[in-house]
Amino acid sequence: GALAAAVAAAQPEGHRVTFEAGAGNDEDTLGRNMLYVYDTEDYPFHQAELYHQFHDYAGSYRDILVGRGELIETDCPNELAAFATSPLGIGLLCVFSVFVLLFCTAMAAKHGFCCRCCLPSSFEKSSSGHVGDVLP
């Protein structure tokens with residue numbers, strides 16, 4: 001229709017994109033300069049988690065659409081909460097926790113403490129800035 005003609009005319013030379021009617025469960029178009037177009041009568045929009053549909057980390061475009069009432073906030077977690085509760089996020093947290101535990105154990109075995117917050121009051125920084133000199 002008229003909209004397709006306007007979009008085609010607006011495309012710069014050498015960067016033309018073709019359009020095909022989408023039928024649902026279509027193949028990926030990565031690297032093909034082709035986009036599927038879906039009839040919203042047959043394929044109505046279903047809002048998903050905002051962080052999945054809008055990777056605009058500053059939130060500006062998403063916030064505009066929410067502000068205009070075109071999208072609504074969902075009860076789904078944000079990106080950080082979703083990652084933290086994902087198998088990868090939980091796995092990384094476990095690996096980090098084991099690293100901290102091993103580091104603190106090694107430091108405690110060597111120095112009797114693992115960090116400044118665990119430092120006994122009889123230990124202070126020396127004039128050279130090193131922790132561990134016993135003060136009289």
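Computed from a prediction, not measured in an experiment: that's the story for all the values here.

**Regarding the confidence of the model for the chain**
Mean pLDDT for the chain: 78, with 77% of residues reaching 70 or above. When pLDDT is averaged over each element of the chain, strand β2 (residues 34-37) comes out on top at 90 and strand β4 (residues 131-134) at the bottom at 50.

**A look at the side chain of Thr29**
Considering the arrangement of structural elements, one finds Thr29 in the loop between β1 (18-21) and β2. From its side chain, Thr29 meets the backbone oxygen of Met34 in a polar contact 3.2 Å long. Residues in contact with Thr29, not counting those within four places in the same chain, are Met34 and Tyr36.

**Overview of a nonpolar patch on the surface**
Where nonpolar side chains cluster on the molecular surface, the patch consists of Leu3, Val7, Phe19, Leu35 and Val37 and spans about 450 Å² of accessible area. Among the elements of the structure, α1 (2-10) and β2 are those that each provide at least two residues to the nonpolar patch. Along the chain, Val37 falls in strand β2. The partly exposed category is assigned to Val37, whose relative accessible area is 45%.

About the criteria used
- Residues numbered from 1 in each chain as written.
- Predicted model: local features only at pLDDT ≥ 70, side-chain atom pairs only at ≥ 80, totals over all residues.
- Heavy atoms only, no water.
- pLDDT = per-residue confidence, 0-100.
- Helix = DSSP H or I, 4+ residues; strand = E, 2+ residues; numbered from the N terminus.
- Polar contact = N/O pair within 3.5 Å; in protein donor to acceptor, adjacent residues only side chain to side chain.
- Contact = heavy atoms within 4.5 Å.
- Patch = residues over 30% accessible without salt bridge, like charges linked within 9 Å, V, L, I, M, F, W, Y side chains within 5 Å.
- Areas by Shrake-Rupley, 256 points an atom, 1.4 Å probe, with all protein chains shown as cover.
- Salt bridge = Lys/Arg side-chain N within 4 Å of Asp/Glu carboxyl O.
- Buried < 20%, exposed > 50% of the residue type's maximum accessible area, 1.4 Å probe, protein only.

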